[in-house]
Amino acid sequence: MTLTFREELEGLRAGGLYRHLSLVEGAQTDRVMLDGREVLLLCSNNYLGLATHPSLKKAAIRAVELYGTGSGSARLVSGNMELHEALERRIATFKGTEAALLFNSGYAANTGIISAIAGKGDVIFSDRLNHASILDGSLLSRAKLVRYPHNDMVALRRLLSETGTVGRRLIVTDGVFSMDGDLAPLRDLVALKREFGTLLMVDDAHGTGILGATGRGSGEHLGVIAGIDIQMGTLGKALGSFGAYAAASREIVEFLINRARSFIFSTSLPPAVLAASLAAFDLVDSDEGAELREKLACTTRLFRNALNAAGFDTMGSATQIVPVYVGGARDVMEFSRMLLDDGIFVQGIRPPTVPPGSCRLRCTLTATHEMRDIERAIAAITAAGKKLGII
Ligand SMILES: Cc1ncc(COP(=O)(O)O)c(C=O)c1O
């Protein structure tokens, strides 16, 4: 029997899986007005605080004055402006690749890149905890999808040896896993891709701007940036803007321009976003950028260590994404509600974002958080965790 929309929504509610939109008023800073009251924001991906940085705002305003608000069409029609090409050159230099190609979001990048690279007769090897957009791109491609257990290189090696070499083979992984905050074993992945002659794509949405001595991301952090064939990244997280890119060889970029449908059939990014992104890369490369990264690493260490010492399971996090394992959907939403009562906004993460039974609070720190904010959050999480019997 087909359920009505109402019945399906009631089913979600009964299972603790119903979602609603919370209204954040004003700018995305570390204190926001949520549904009319001020709270400490502990679940934003604006990791360096660049979304409200004066230099990004100034660049965006100037771009609007010079170029207007919209690009008017897709890149392959008349929407290829100077700023698109300038930003692509900047990204390629930043990532150390021959070329780069912009996409309108990380979701559009992953669905576009993967479904262009792989098709019928090809095989995609994808970490089981990869972002939903990687899964969707893989399903869209109609290639054979082999999902390997999270970060399990022994299993991946076996799966690679079991599949034939006909067609293209692509290994794809998050660099930093978005809901766990742990890192992909990129050194092993680069070795495997070389051994088996596959392509390697890394989604570094949460590593770019943060990890590595100069913020180039998880590839730089683990010393294998040159071994990655396609470095995908987003501009809407640490870079404080919007959009995404693939950084790769000139040949791959040329191929994506001709084959990636989310690139071909979509109006290009507007000037303000492009100019803000250019300013963001300048900032990441500046002394200020280095200081922001250093501060974030320092507060993250303190936060994670304190939660572990209190008895919480932070699920192998090694980055500014610090999950607090809870388990059930209802419990995690109750945890989140209790923190909100205490003036702290952290979302509970439930299926289908994470596997059933592994619900968690996904705490994210930003460089604009001060030590007293972190200490306040630790105290509130510890008190609520005790009340709920999690620790
Ligand atoms: C790992 C990962 N890839 C891709 C995306 C999608 O990026 P965007 O929000 O720009 O669509 C996200 C986050 O939303 C993500 O966490």
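Structure's up top.
Quantities reported herein were computed from a predicted structural model and do not represent experimental measurements.

Colleague: Go over the overall build of the protein chain, please, and point to the residues and values.
Modeller: In terms of regular secondary structure, the protein chain is built from 14 helices and 14 strands. Based on the C-alpha atoms only, the size of the protein chain along its principal axes is roughly 55 × 55 × 50 Å. Expressed as a percentage of contacts within the protein chain between residues at least 6 apart in sequence, the contacts between residues at least 24 apart total 69%. Accessible area for the protein chain stands at about 17200 Å²; split by element, carbon and sulfur atoms hold 55% of it. One finds the centroid of the 42 positive side-chain charges in the protein chain at a distance of 3 Å from the centroid of its 42 negative side-chain charges.

Colleague: Please set out the sheet that holds strand β4 (residues 99-103) residue by residue, giving values where relevant.
Modeller: Read from one edge to the other, the open sheet built from seven strands follows the order β4-β10-β9-β8-β7-β5-β6, with strand pairing classed as mixed. The open sheet is flanked by β4 and β6 (144-148), the only strands paired with a single partner. Here the strands of the sheet are splayed against their neighbours by 20° on average, with no regard to which way each runs. Across the face of the sheet, helix α7 (residues 186-196) comes into contact with β6, β7 (169-174) and β8 (199-203) while running at roughly 175° to β7.

Colleague: Give a description of the state of the cysteines that names residues and reports values.
Modeller: Scanning the entire structure with this criterion turns up zero disulfides. Not part of a disulfide, cysteine 359 finds its nearest cysteine sulfur in cysteine 363, a span of 14 Å. Left unpaired, cysteine 363 is separated from the closest cysteine sulfur, that of cysteine 43, by 8.6 Å. With a relative accessible area of 0%, cysteine 363 lands in the buried category.

Colleague: Summarise the environment of glycine 15; cite the residues concerned and give the values.
Modeller: Tracing the chain through its elements places glycine 15 in the loop between α1 (5-14) and β1 (24-25). Setting aside residues no more than four positions away along its own chain, glycine 15 makes contact with Ala329 and Arg330.

Colleague: Could you give an account of unusual backbone geometry, with specific residues and numbers?
Modeller: Phi is mostly negative for residues that are not glycine, and the peptide bonds are mostly trans. Residue proline 352 is bonded to the preceding proline 351 through a cis peptide linkage, with omega at 5°. Its place among the elements puts proline 352 in the loop between β13 (348-349) and β14 (359-364). Unusually for a residue other than glycine, arginine 142 sits at a positive phi of about 65°. Along the chain, arginine 142 turns up in the loop between α5 (132-141) and β6. Despite not being glycine, methionine 315 shows a phi value in the positive range, around 55°. Within the fold, methionine 315 resides in the loop between α12 (287-310) and β11 (321-327).

Colleague: Could you give an account of the site of the ligand, naming the residues involved and the relevant values?
Modeller: Near the ligand lie 13 residues; those nearest to it are Gly106, Tyr107, Asp203, His206 and Lys237. One nitrogen or oxygen atom from the main chain of tyrosine 107 is found 2.9 Å from an oxygen atom belonging to the ligand. In the environment of the ligand, an oxygen atom lies 3.1 Å from a nitrogen or oxygen atom belonging to the side chain of lysine 237. Summarising the interface, the protein chains cover 82% of the accessible area of the ligand, which totals 390 Å² for the free molecule. Counting residues per element, the shell around the ligand draws most heavily on helix α4 (residues 106-117), at three residues. Of the residues that constitute the shell around the ligand, the class distribution is two nonpolar, eight polar and three charged.

Colleague: Give me the side chain of serine 126: which residues, what numbers.
Modeller: By the secondary structure assignment, serine 126 is in strand β5 (residues 123-127). With near-sequence residues (within four places) excluded, serine 126 lies in contact with Ile134, Leu145, Val146, Arg147, Tyr148 and Val172.

Colleague: Any chance you could break down the packing of helix α2 (residues 54-67) against helix α11 (residues 271-284) for me, citing the residues and the numbers?
Modeller: For any two helices packed against each other, one specifies the crossing angle of their axes together with the interaxial distance. Running from N to C, α2 and α11 point in directions that differ by 145°, and their axes come no closer than 7 Å. Seen from above, α2 lies across α11 with right-handed handedness. When α2 is examined against α11, the residues Ser55, Leu56, Ala59, Ala60, Ala63, Val64 and Tyr67 are found in contact with a partner set consisting of Pro271, Ala272, Ala275, Ala276, Ala279, Ala280 and Leu283. Per-class residue counts for the contact of α2 with α11 are 13 nonpolar, one polar and no charged.

How each quantity is defined
- Residues numbered from 1 in each chain as written.
- Predicted model: local features only at pLDDT ≥ 70, side-chain atom pairs only at ≥ 80, totals over all residues.
- Heavy atoms only, no water.
- Helix = DSSP H or I, 4+ residues; strand = E, 2+ residues; numbered from the N terminus.
- Contact = heavy atoms within 4.5 Å.
- Areas by Shrake-Rupley, 256 points an atom, 1.4 Å probe, with all protein chains shown as cover.
- Lys, Arg positive; Asp, Glu negative; His and termini not counted.
- Charge placed at Lys NZ, Arg CZ, Asp CG, Glu CD.
- Pairing = 2+ DSSP bridges.
- Axes fitted to C-alpha atoms, helices over the stretch in contact; angles between N-to-C directions.
- Disulfide = S-S within 2.5 Å.
- Buried < 20%, exposed > 50% of the residue type's maximum accessible area, 1.4 Å probe, protein only.
- Near = heavy atom within 4 Å.
- Polar contact = N/O pair within 3.5 Å; in protein donor to acceptor, adjacent residues only side chain to side chain.
- Nonpolar A, V, L, I, M, F, W, Y, C, P; charged D, E, K, R; others polar.
- Left-handed = near helix turned anticlockwise from the far one by under 90°.

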